[in-house]
Amino acid sequence: MESLPTISTTIADVATRAGVGVATVSRVLNRRPNVRPATRAKVLEAIDALNYRPSPLARNLSLRRTHVIGVVVPFFTSPSAVERLRGVATALAPSPYDLMLFDIESEDRREHAFEIFDRGDRSDGLLMISLIPPDDEIERLRAANLPCVLVDAPHPNVPCVVIDDVRGGELATSHLIELGHSRIGFLGDKSPDPFRFASSLDRTRGYEHALEHAGIELRPEYLREGTKSHHVARSTAIDLLRLPQRPTAIFAASDTQALGVLDAARILNIRVPEELSVIGFDDIEMASHVGLTTVRQPLFESGRRGTELLLQMLGRGGQQLDDPQMEQLAVEIVVRSTTAAPAS
């Protein structure tokens, strides 16, 4: 009499019916070659008779695969992070992988993320956005044989997708200089920071290089640091614009901060661009709505391309690269209505 299929049929039930061990059933399910044809036939007959359906989760664990990509990103609700994540999701859509998002809001959270992912049982690969991991954390990931790609963060031992932030800072500042401005302020992030962000510091260097190349003296009072917060940027910009000899133009290290500068100008009744030119960096969606001149970086493309590199590594069995590649995407100025020549 044939056994009736049950919902609770297990791999052990199949092994008992076929008269083999559980490991033999597992090898048949995973199509391993080291099973005799007669034994394979008995196992397949038992699977059919019991209507056994292996658990996808259990099978993935037996193969040491989770079909999950871990994504670690700071402040994932920020406009630039959202746009990068759209690129990640687009690249993952046709793949068999799901996305596990880990938001970083403090240094402790960053360390906790590494403790989770470097065990190797939470995800098959790791994508890190806008974070430069310390060398010891990179070594932990390599020891766990966890493929990793960085986006918006360079490291010599990990594949990464980046832009030239120094060049972006030079482009923004040079645009203002070409319009005739010489009193140019800069609004960036505090340094050093616990997240090891490098972009704002590099954009500051680009700002300084452009001033030096144009023969314009750097005025320390025009260089201000805060956070990426819109509200902090607004407060910082108000202080900058209340100087006895205020700048005629401000370069903000992100569009979010540039929006804070525009708010500050409205509060102080300073007309943009007639009395103050403002340029940002990123080209988030809001930038076009308010007519913000900005340095466009390919946010969506960087997320998509970083994910493609990680999927390529996984397609090679997760093999670590001996010579990790760095892809540098281009930046460009997008001129809108917030920059103009200074008033005479």
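All values derive from a computational prediction rather than experimental measurement.

**Brief notes about the packing of helix H5 (residues 79-92) against helix H13 (residues 299-315)**
Viewed as axis vectors pointing N to C, H5 and H13 meet at an angle of 40 degrees, and their least axial separation amounts to 7 Å. It follows that H5 is oblique to H13 by the angle criterion. Handedness of the crossing formed by H5 with H13: right-handed. In this structure, H5 uses Ser80, Glu83, Arg84, Arg86, Gly87, Val88, Thr90, Ala91 and Leu92 to contact H13, whose residues at the interface are Leu299, Phe300, Ser302, Gly303, Arg304, Thr307, Glu308 and Leu311. Considering only residue class, the contact of H5 with H13 consists of six nonpolar, six polar and five charged.

**Some points on the nonpolar core**
Core analysis: the biggest nonpolar cluster contains 59 residues, and Phe251 and Leu276 have the highest contact counts within it. Looking at this core element by element, the count peaks at six residues for helix H11 (residues 255-267). Apart from residues lying up to four places away in sequence, Phe251 is in contact with Gly169, Ala172, Thr173, Leu176, Gly185, Phe186, Leu187, Arg203, Tyr207, Ile279, Gly280 and Phe281. One finds Cys148, Leu150, Cys160 and Val162 within the second-largest nonpolar core, a separate group that totals 16 residues.

**Considering the sheet that holds strand S7 (residues 223-226)**
Taken in spatial order, the six strands of this open sheet run S7-S6-S8-S9-S10-S12, and their pairing is mixed. Every other strand in the sheet has two partners, leaving S7 and strand S12 (332-334) as the edge strands with one partner each. For this sheet the average axis-to-axis angle between neighbouring strands, irrespective of direction, equals 20 degrees. Note that strand S8 (residues 249-252) and strand S9 (residues 277-282) share three bridges and pair parallel. Within S9, the position partnered with Ala249 by the bridge is Ser277. Its contacts with the sheet put helix H9 (residues 199-213) on strand S6 (184-189), S7, S8 and S9, and the angle it makes with S6 is roughly 165 degrees.

**Digging into the sheet that holds strand S1 (residues 68-74)**
On the basis of which strands lie adjacent, the open sheet formed by six strands has the order S2-S1-S3-S4-S5-S11 and parallel pairing. Of all strands in the sheet, those with a lone pairing partner are strand S2 (98-104) and strand S11 (326-329), marking the two edges. The sheet shows a mean angle of 20 degrees between the axes of neighbouring strands, taken without regard to direction. With two bridges connecting them, strand S4 (residues 148-151) and strand S5 (residues 160-163) associate as parallel partners. Bridging from a neighbouring strand, Leu150 pairs with Cys160 of S5. Strands S1, S2, strand S3 (125-129) and S4 of the sheet are contacted by H5, whose axis makes an angle of about 170 degrees with S1.

**What about the packing of helix H1 (residues 11-18) against helix H3 (residues 37-50)?**
Direction vectors running N to C along H1 and H3 enclose 125 degrees, while the axes themselves pass 9 Å from each other. Accordingly, the angle class assigned to the pair H1 and H3 is oblique. Like other packed secondary-structure pairs, H1 and H3 cross with a definite hand, here right-handed. Residue-level contacts link Asp13, Val14, Arg17 and Ala18 of H1 to Lys42, Val43, Glu45, Ala46, Ile47, Ala49 and Leu50 of H3. Looking at the contact of H1 with H3 residue by residue, the class counts come to seven nonpolar, no polar and four charged.

**Topic: the confidence of the model for the protein**
Averaged over every residue, the pLDDT of the protein is 86; residues scoring 70 or more account for 84%. Scored below 50 in pLDDT, residues 1-6 shows eight contacts in the model against residues more than four places distant or in partner chains.

**Some details on the pairing of S5**
Burial of S5 is two-sided: the residues Cys160 and Val162 facing one way and the residues Val161 and Ile163 facing the other way are all buried. Strand direction decides the pairing type here: S5 and S11, joined by four bridges, are parallel. Each residue of the ladder has a partner; that of Cys160, found in S11, is Met326.

**Quick look at unusual backbone geometry**
For the peptide bond that leads from Val272 to Pro273, omega is 5 degrees, which places it in the cis range. With phi around 60 degrees, Ser130 is a residue other than glycine that occupies positive phi space. Its location among the elements puts Ser130 in the loop between S3 and helix H7 (135-143). Classification of Ser130 by relative accessible area gives buried; the value is 15%. We note that Asp282 has phi near 130 degrees; this positive angle belongs to a residue other than glycine. With respect to the helices and strands, Asp282 occurs in strand S9.

What counts, and where the lines are drawn
Once a new chain begins, its residue numbering starts again from 1 and follows that chain's sequence as written. Local features in a predicted model are, by the rule used here, given only for residues with pLDDT of at least 70; side-chain atom pairs are given and counted only at 80 or more, and totals for whole chains, interfaces and linings are based on all residues. Hydrogens and waters are ignored; side-chain quantities use all the structure's heavy atoms. Axes here refer to lines fitted to C-alpha atoms; in helices the fit is confined to the stretch in contact. Angles between the N-to-C directions go from 0 to 180 degrees. Only DSSP runs of H or I with at least four residues qualify as helices, and only runs of E with at least two residues qualify as strands; both kinds are numbered from the N terminus onward. An angle counts as roughly parallel when it lies under 35 degrees, as roughly antiparallel when it exceeds 145, as roughly perpendicular when it falls between 65 and 115, and as oblique in every other case. Rotating anticlockwise by less than a right angle from the far helix to the near helix defines a left-handed crossing, while the corresponding clockwise rotation defines a right-handed one. Whether two residues are in contact is decided by their heavy atoms, any of which lying within 4.5 Å being enough. As a working rule, the residues Ala, Val, Leu, Ile, Met, Phe, Trp, Tyr, Cys and Pro are called nonpolar, Asp, Glu, Lys and Arg charged, and the rest polar, with Gly in that last group. Side-chain atoms within 4.5 Å link the members of a nonpolar core, which is a set of buried Ala, Val, Leu, Ile, Met, Phe, Trp, Tyr and Cys residues. Only protein chains enter the accessibility calculation, which uses a 1.4 Å probe. A residue is then buried if its area is under 20% of the maximum for its type, exposed if over 50%, and partly exposed in between. Any two strands between which DSSP finds at least two bridges are classified as paired. Within a predicted model, pLDDT stands for the predictor's per-residue confidence, ranging from 0 to 100.

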